[in-house]
Amino acid sequence: LRDASQTVLLAPEALASTTPGSGAASSEELLTAAQSLLDAGRAAEAVTMLELVCDKEPGRVDALLRLAGAYRETRHWTQAEATVRRVLNMNPLHQEASAMLVSLLMERQRYDEAIITLEAASRANPLDLSSWLTLATLQHDLGELPKALTALEAASRAERQNPLPRILRAMVLQELGRTDP
């Protein structure tokens, strides 16, 4: 194991052998090495290590999300989406995975799917202000102002102390030519 500034982070035999007690790198060592590669902008190399961790520990959410991010950086969209959906299948309320999926869908201009995902996340956790605001923003950007207004009203209910939903709601009302309270 070496740091990110050096060419080799793990010897090939450490990657090849995953038998406990065989001198193979632990999941923690692999994750550390993979993160060093990601930090160094070497996502393609990190994918191999992250895949090993996810094979060893299929329920390890932090590794799965890093793997999805590495797939995304290497423009392997299908694998990135499948990996995020794997996390959401384990925990449908995982906010980081939901946000990553929405971001992936929007990046691929799959707006209808992003809206469906945001609506599901908002219904699952009606107090999640970020889901409501993201949904309202996307609907606004797509020109669906009445739907954006509905999402902003839900956002206001989700977090009454936060003035942002009310401010955005007033802006949408102005765009609609309305002055409702």
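Thresholds applied
Every chain is numbered independently, its residues counted from 1 as its sequence is written. Where totals are concerned, whole chains, interfaces and linings use all residues; where local detail is concerned, this predicted model gives features only for residues with pLDDT of at least 70, and gives and counts side-chain atom pairs only at 80 or more. Calculation of side-chain values draws on the structure's entire complement of heavy atoms; hydrogens and water are dropped beforehand. Side-chain atoms within 4.5 Å link the members of a nonpolar core, which is a set of buried Ala, Val, Leu, Ile, Met, Phe, Trp, Tyr and Cys residues. Only protein chains enter the calculation, and the probe is 1.4 Å; a residue is then buried if its accessible area is under 20% of its type maximum, exposed if over 50%, and partly exposed in between. Each helix corresponds to a stretch of at least 4 residues labelled H or I by DSSP, and each strand to a stretch of at least 2 residues labelled E; elements are numbered beginning at the N terminus. The term salt bridge refers to a side-chain nitrogen of Lys or Arg lying within 4 Å of a carboxyl oxygen of Asp or Glu. Confidence per residue, as judged by the predictor, is encoded in pLDDT with a range of 0 to 100. Every residue pair with non-hydrogen atoms within 4.5 Å of one another is taken to be in contact. In this description, a line fitted to the C-alpha atoms serves as the axis of each element, helices being fitted only across the stretch in contact, and the angle between N-to-C directions of two axes falls anywhere from 0 to 180 degrees. Should an angle lie under 35 degrees it is considered roughly parallel, over 145 roughly antiparallel, and from 65 to 115 roughly perpendicular; all remaining angles are considered oblique. Handedness of a crossing is defined here by the sense of rotation of the near helix relative to the far one, left-handed for an anticlockwise turn of less than a right angle and right-handed for a clockwise turn. Asp, Glu, Lys and Arg are counted as charged, while Ala, Val, Leu, Ile, Met, Phe, Trp, Tyr, Cys and Pro are counted as nonpolar; the rest, among them Gly, fall into the polar class.

1. What to know about the nonpolar core
- L50, V84 and W132 are the most contacted members of the largest nonpolar core, which has 51 residues in total.
- At 8 residues, helix α3 (residues 43–56) tops the list of elements feeding residues into this core.

2. Quick word on the environment of L30
- Within the secondary structure, L30 sits in helix α2 (residues 27–39).
- For the pair formed by L30 and E51, sequence separation is 21 residues and the distance between their alpha carbons is 9.8 Å.

3. Remarks on the pattern of salt bridges
- Within the structure shown, the criterion is met by 9 salt bridges.
- The residue D62 makes a salt bridge to R60 at a minimum N-O spacing of 2.8 Å.
- Residue classification places R60 among the buried residues on the basis of a relative accessible area of 16%.
- Note that E153 and R169 form a salt bridge whose closest N and O atoms lie 3.4 Å from each other. Taken together, the positions of E153 in helix α9 (residues 145–158) and R169 in helix α10 (residues 164–175) put the pair 16 residues apart, joining distant regions of the chain.
- Looking at E153, the relative accessible area reads 26%, which means it is partly exposed.
- Among the charged side chains, a network of salt bridges with common partners joins E28, E57, R60 and D62.

4. Some details on the confidence of the model for the chain
- Residues at a pLDDT of 70 or more form 86% of the chain, whose mean pLDDT is 86.
- When mean pLDDT is compared element by element in the chain, helix α5 (residues 77–90) scores highest at 96, while helix α1 (residues 12–16) scores lowest at 45.
- For residues 16–20, every residue scores under 50 in pLDDT, and the model assigns this stretch 6 contacts once sequence neighbours within four places are set aside.

5. A short note on the packing of helix α6 (residues 95–107) against helix α7 (residues 111–124)
- Remark: α6 packs on α7, axes separated minimally by 8 Å, with the N-to-C direction vectors making an angle of 165°. When the interaxial angle is binned, α6 and α7 end up roughly antiparallel. The element α6 and its partner α7 pack so that their crossing is left-handed. Two secondary-structure elements touch here, α6 through S98, L101, V102, L105 and M106 and α7 through Y111, E113, A114, T117, L118 and A121.
- Per-class residue counts for the contact of α6 with α7 are 8 nonpolar, 2 polar and 1 charged.

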